[in-house]
Amino acid sequence: MSAEPTVGRKIGDVILDVANVSLSFGGVRALNGVSFDVNEGEVRAIIGPNGAGKSSMLNCINGFYKPTEGMITFKGESHHQMETYESASQGIARTFQNIALFKGMTTLDNIMTGRNLQMKKNFLWQALYFGPALKEELENREVVEKVIDFLEIESIRKTVVGRLPYGLQKRVELARALAAEPDMLLLDEPMAGMNHEEKEDMCRYILDVNDEFGTTIVLIEHDMSVVMDISDRVVVLDYGEKIADGTPDEVRANQRVVDAYLGVQHD
Amino acid sequence: MFYREAGQFKSTYQTDQAIFPIVQDRWFMALVFIVAFVVIPLVADEYWHQAIIIPFLILALAAIGLNILTGYAGLVSLGTGAFMAVGAYSTYKMSTAFPDLNIIIIFLLSGVFAAMVGMVFGAPSLRIKGFYLAVATLAAQFFILWVFNKVEWFFNYSPSGTITAPPRELFGVLVTGPEASPVARYYVCLVFLVVFAFAAKNMARGRLGRSWMAIRDMDIAAEIIGIRPLQTKLSAFGISSFYCGVAGALYIFCWLGSAETEAFDILNVSFPVLFMVIIGGLGSVLGAILGAAFITLMPIFLTNAPPMIGIHLAADLQKHIEEIILGLMIITFLIVEPAGFNRLWQIAKEKIRKWPFPY
């Protein structure tokens with residue numbers, strides 16, 4: 001793993017712009033005037049202590065929370081408030097801190113749900129499972145199989161996800177997000193609770209996704225060595241406010257970040 | 001040893017996604033079809049048709065409908081009886097108003113009416129879940145039956161308040177009403193069940209079914225993937241009620257012959273169908289059919305079993321004992337296997353696959 005951009009990797013213009021976003025729940029201010037931007041093709045990390053508002057930030061970006069103030073612009077389209085289901089059609093996919101898979105369904109079905117927006121045939125065709133509906137199902141299956149291949153989960157294709165170990169469930173969740181072929185992928189603690197090897201695998205997948213598909217990645221992670229290694233720029237939040245923003249080296253050297261979160265200087 | 005997928009290689013996704021990917025399953029299904037379409041009409045007498053097989057087929061259809069809603073989409077409904085009544089009364093109205101219209105088309109149109117009513121009463125499901133939704137559908141149950149009882153237009157102002165199935169023909173054979181032969185009515189119900197069961201299975205394994213299950217398992221994640229909750233829930237209500245509506249139409253036209261709203265009472269229909277779905281296995285078409293078989297066949301078995309082994313009881317005592325035993329069986333079964341008959345069936349298949357080795 002290295003921080004240097006690999007060959008062929010291209011950082012483009014701003015794809016996501018978060019301007020002055022605030023979010024309150026009653027009297028609690030979860031986010032307070034946070035602004036940052038994400039460039040196309042970049043790996044952007046959001047870090048901070050527990051309760052800093054990192055997950056709330058992601059929830060605002062994909063419309064699950066409606067910010068009380070401020071504007072979020074994605075691909076040039078500004079929105080103050082939007083419905084949650086709209087974010088997927090705009091090209092945003094995400095994974096969750098606590099795995100949010102569909103427990104009763106197989107790995108394959110879970111990943112196929114990621115293709116839902118690409119499938120248009122109505123229920124009568126589906127009831128027949130014939131002609132256009134069958135063709136559509138097979139075409140999307142092929143895309144899904146590529147994702148399965150990419151994440152090396154062929155052997156658990158037909159296993160019900162509720163029975164899978166934690167690390168694999170995390171991978172299936174990533175697969176489901178990738179199946180939608182998103183422009184931007186939001187990862188909420190993709191490596192929480194994993195052992196060293198699983199973390200290495202996950203890092204490799206994240207970098208490969210970024211590299212091969214040019215997907216922009218915004219991730220929240222607590223493992224500082226991972227964050228500092230794989231991300232291009234880092235935002236630091238504390239008590240809902242942005243306290244630092246910059247390359248991993250700049251952030252690491254920032255005294256406020258050290259005080260609020262990192263504790264001792266990393267070496 | 002005999003039942004396994006070893007050696008059956010799939011080289012396309014299409015064969016991999018077939019309903020019965022294993023060749024032995026296909027043989028088994030073929031056998032079931034031969035029994036259902038050829039053997040049963042030959043051997044079964046009128047009592048078997050009227051008391052056992054036809055109600056089983058009709059209730060299985062309703063159970064598949066409810067399973068779409070409760071099993072796949074996770075929305076509990078106690079309004080099955082009402083949606084069936086909508087199907088039955090609209091069939092009655094249409095077949096008396098347009099006597100020349102093909103009865104099958106009338107059945108299907110009645111399903112569409114039931115679907116529309118189901119979607120109206122399903123609208124609150126966006127806001128309320130679980131027991132609260134069950135209570136909301138309970139309101140549908142009481143309200144709809146009350147309307148059918150009060151508004152005389154629905155039963156063509158007949159003084160008794162009952163609706164009676166008029167005799168209607170299909171391919172020159174009488175299929176509805178009291179004069180129709182049991183075999184003809186059996187075939188109508190069987191074809192409906194087979195076609196609709198396959199349609200349900202297809203929807204369940206396609207995009208629609210995945211959306212339903214996604215909403216059921218984790219609605220927030222489903223929404224973030226782009227599944228619209230209202231549309232998905234309403235589609236489940238609509239399609240489920242369509243199935244119930246058709247089942248309700250068959251219930252009057254191919255089985256009872258004539259009835260009043262009492263036939264669609266919550267204790268007569270809604271609860272038993274819900275039990276079928278739970279006992280059969282939530283989220284499974286096969287489970288709905290097995291559950292319907294259990295709930296319709298078991299009382300008849302319990303009625304006939306004591307005389308067979310030489311015990312003769314007073315009729316009312318017999319009836320009470322029967323209900324006690326049935327209740328006990330349901331409780332025991334749900335404690336032993338909460339996932340229902342479908343799960344048992346899967347375990348059995350798994351065991352046969354590995355036989356003669358333990359694992």
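Further up the page is the structure itself.
Note that the structure is predicted; figures quoted are calculated from it, not measured. The residue numbers shown here count from 1 along each chain, following its written sequence. Think of it this way: whatever chain is written first is A, whatever ligand is written first is 1, and the rest follow in order. Residue-level local features of this predicted model are given only where pLDDT is at least 70; pairs of side-chain atoms are given and counted only at 80 or more, and the full residue set underlies all totals for whole chains, interfaces and linings. Remark: hydrogens and water are excluded; side-chain values derive from all non-hydrogen atoms of the structure.

Q: What should I look at first to understand the overall build of chain B in this one?
A: A run of H or I in DSSP becomes a helix once it reaches four residues, and a run of E becomes a strand once it reaches two; helices and strands are each numbered from the N terminus. The helix and strand tally for chain B stands at 14 helices and four strands. Computed over the C-alpha atoms, the radius of gyration of chain B is 21 Å, within 12% of the 21 Å expected from 2.2 N^0.38 for a compact globule of 359 residues. Projecting the C-alpha coordinates of chain B onto the three principal axes gives extents of approximately 65 × 60 × 45 Å. We call a residue buried when its accessible area falls under 20% of the maximum for its residue type, exposed when it is over 50%, and partly exposed in between, using a 1.4 Å probe and counting protein chains only. Expressed as a percentage of the 359 residues in chain B, the buried residues total 51%. We call two residues contacting when some pair of their heavy atoms lies within 4.5 Å. Here the analysis covers contacts within chain B between residues at least 6 apart in sequence; of these, 73% occur between residues at least 24 apart. All accessibility values rest on the Shrake-Rupley procedure with a 1.4 Å probe; residue burial counts only the protein chains present in the view. Accessible surface for chain B amounts to roughly 17,000 Å². Of this, 71% is attributable to carbon and sulfur atoms. Only the C-alpha atoms count toward the radius of gyration. The rule for a globule is 2.2 Å times the residue count to the power 0.38.

Q: How should the interface of chain A and chain B be read in this particular structure?
A: Think of interface size as the accessible area that goes away when the parts come together; that is how it is often given. Each partner contributes to the interface: chain A provides 39 residues, whereas chain B provides 31 residues. Throughout, the accessible surface (probe 1.4 Å) given up by two parts as they are put together, summed over both, is called the buried area. A per-residue breakdown of the area chain A buries against chain B is headed by A:Tyr85, A:Gln126 and A:Tyr129, which together make up 20% of the total. Salt bridge criterion: a side-chain nitrogen from Lys or Arg within 4 Å of a carboxyl oxygen from Asp or Glu. For the interface between chain A and chain B, the tally reads one salt bridge. Across the pair A:Glu137 and B:Arg210 runs a salt bridge whose closest N-O atoms are separated by 2.9 Å.

Q: Even after reading the chapter, I still don't get the pattern of salt bridges, so can you show me in this structure?
A: When the charged atoms of two side chains lie near each other, side chains of opposite charge can form a pair. All names here are of chain A. Across all of its chains, the model carries 22 salt bridges over all chains by this definition. We note a salt bridge from Arg204 to Glu152, for which the minimum N-O separation is 3.8 Å. With Arg204 in helix H7 (residues 196-213) and Glu152 in the loop between helix H5 (132-150) and helix H6 (166-179), this pair connects stretches of sequence that are 52 residues apart. Overall, Glu152 belongs to the partly exposed group, its relative accessible area being 44%. Taken together, the shared-partner salt bridges in this structure form one network comprising Asp37, Glu42, Arg44, Arg233, Lys242 and Asp245.

Q: Would you take a moment to explain the environment of B:Met119 for this structure?
A: All names here are of chain B. Tracing the sequence through the fold places Met119 in helix H5 (residues 103-122). Taking the C-alpha atoms as reference points, Met119 and Ser241, separated by 122 residues in sequence, lie 8.0 Å from one another. Leaving out residues up to four positions away in the same chain, Met119 has contacts with Leu234, Phe237 and Gly238.

Q: Sorry, what's going on with the pairing of strand S8 (residues 216-220) of chain A here?
A: Regular strands place their side chains on alternate faces of the sheet. Residue and element names in this part refer to chain A. Counting buried positions along S8 gives five out of five residues, so the element sits mostly inside the fold. Along S8, one buried face is formed by Thr216, Val218 and Ile220 and the opposite face, lined by Ile217 and Leu219, is buried too. Strand pairing is assigned whenever DSSP detects at least two bridges linking the two strands. Pairing analysis gives four bridges linking strand S3 (residues 43-47) to S8, with the strands arranged parallel. Paired with Arg44 across the bridge in S8 is Val218. Strand direction decides the pairing type here: strand S7 (residues 184-188) and S8, joined by five bridges, are parallel. Residue pairing across strands places Leu185 opposite Ile217, the latter belonging to S8. With strands facing away from the observer, any crossover in which the path from the first strand over the helix to the second runs clockwise is taken as right-handed. For the crossover from S7 across H7 to S8, the handedness is right-handed.

Q: Would you mind going over the sheet that holds strand S1 (residues 14-25) of chain A with me for this structure?
A: Backbone-to-backbone hydrogen bonds join strands into a sheet, with any given pair of strands oriented parallel or antiparallel. All names here are of chain A. Read across the open sheet, the four strands follow the order S2-S1-S4-S5; overall the sheet is antiparallel. The open sheet has two free edges, formed respectively by strand S2 (28-39) and strand S5 (77-79), since each of these has just one partner strand. When the angles between neighbouring strand axes are averaged without regard to direction, this sheet yields 20°. In the sheet, S1 pairs with S2 via eight bridges, with the strands oriented antiparallel. If you follow Leu16 over to S2, its bridge partner there is Val38. Across the sheet, helix H1 (residues 54-61) touches S1, S2, strand S4 (69-74) and S5, and the angle it forms with S2 is around 65°. The axes used here are C-alpha line fits, helices contributing only the stretch in contact, and every angle between their N-to-C directions lies in the interval 0 to 180 degrees.

Q: Mind showing me how you'd approach the side chain of A:Ser231 here?
A: Residue and element names in this part refer to chain A. Within the fold, Ser231 resides in the loop between helix H8 (224-230) and strand S9 (233-238). Of the residues examined, Ser231 reaches a relative accessible area of 2% and is grouped as buried. Polar contacts involving the side chain of Ser231 include one to the main-chain carbonyl oxygen of Val227, which spans 2.4 Å. Excluding its chain neighbours within four sequence positions, the residues that come into contact with Ser231 are Val43, Ala45 and Pro248. Side-chain atoms alone can form a polar contact between residues adjacent in sequence; in general such a contact is a pair of N or O atoms within 3.5 Å, and within protein one must be able to donate a hydrogen while the other accepts it.

Q: Quick question: what am I supposed to make of the side chain of A:Lys170 here?
A: Residue and element names in this part refer to chain A. By the secondary structure assignment, Lys170 is in helix H6. Positive: Lys, Arg. Negative: Asp, Glu. His and the chain ends are not part of the count. Buried charge without a partner: Lys170 forms no salt bridge, and the closest opposite charge is Glu173, 5.1 Å away. Within polar-contact distance, the side chain of Lys170 engages the backbone oxygen of Glu189 at 2.9 Å. In contact with Lys170, not counting residues within four places along its chain, are Phe96, Gln97, Ile99, Asp188, Glu189, Pro190, Ala192, Met194 and Met202.

Q: Any chance you could explain the packing of helix H12 (residues 285-308) of chain B against helix H14 (residues 340-354) of chain B here in plain terms?
A: All names here are of chain B. At a closest axis distance of 7 Å, the pairing of H12 and H14 adopts a crossing angle of 110°. The angle between H12 and H14 places the two elements in the roughly perpendicular class. The handedness of the crossing between H12 and H14 is right-handed. Judged by residue contacts, Leu286, Gly287, Leu290, Gly291 and Phe294 of H12 engage Phe341, Asn342 and Trp345 from H14. For the contact of H12 with H14, the residue count by class is five nonpolar, three polar and no charged. By the definition adopted for this analysis, an angle is roughly parallel if under 35 degrees, roughly antiparallel if over 145, roughly perpendicular if from 65 to 115, and oblique otherwise. Helix crossings get a hand from a simple test, with the near helix turned counterclockwise from the far one by less than a right angle marking a left-handed crossing and a clockwise turn marking a right-handed one. When residue character is reported, Ala, Val, Leu, Ile, Met, Phe, Trp, Tyr, Cys and Pro are called nonpolar, Asp, Glu, Lys and Arg charged, and the others, Gly included, polar.

Q: Before we go on, may I ask you to explain H12(B) in this structure?
A: An α-helix turns once per 3.6 residues; consequently, residues spaced three or four apart project the same way. All names here are of chain B. Helix length check: H12, at 24 residues, gives a terminal C-alpha distance of 33 Å against a target of 34 Å (1.5 Å per residue), a fit within 8%. With a side-chain oxygen lying 3.4 Å from the backbone nitrogen of Leu286, the N-terminal cap of H12 falls on Ser284. Remark: Gly310 follows H12 within two positions and exhibits a positive phi of approximately 90°. An expected span of 1.5 Å times one less than the residue number is assigned to each helix.

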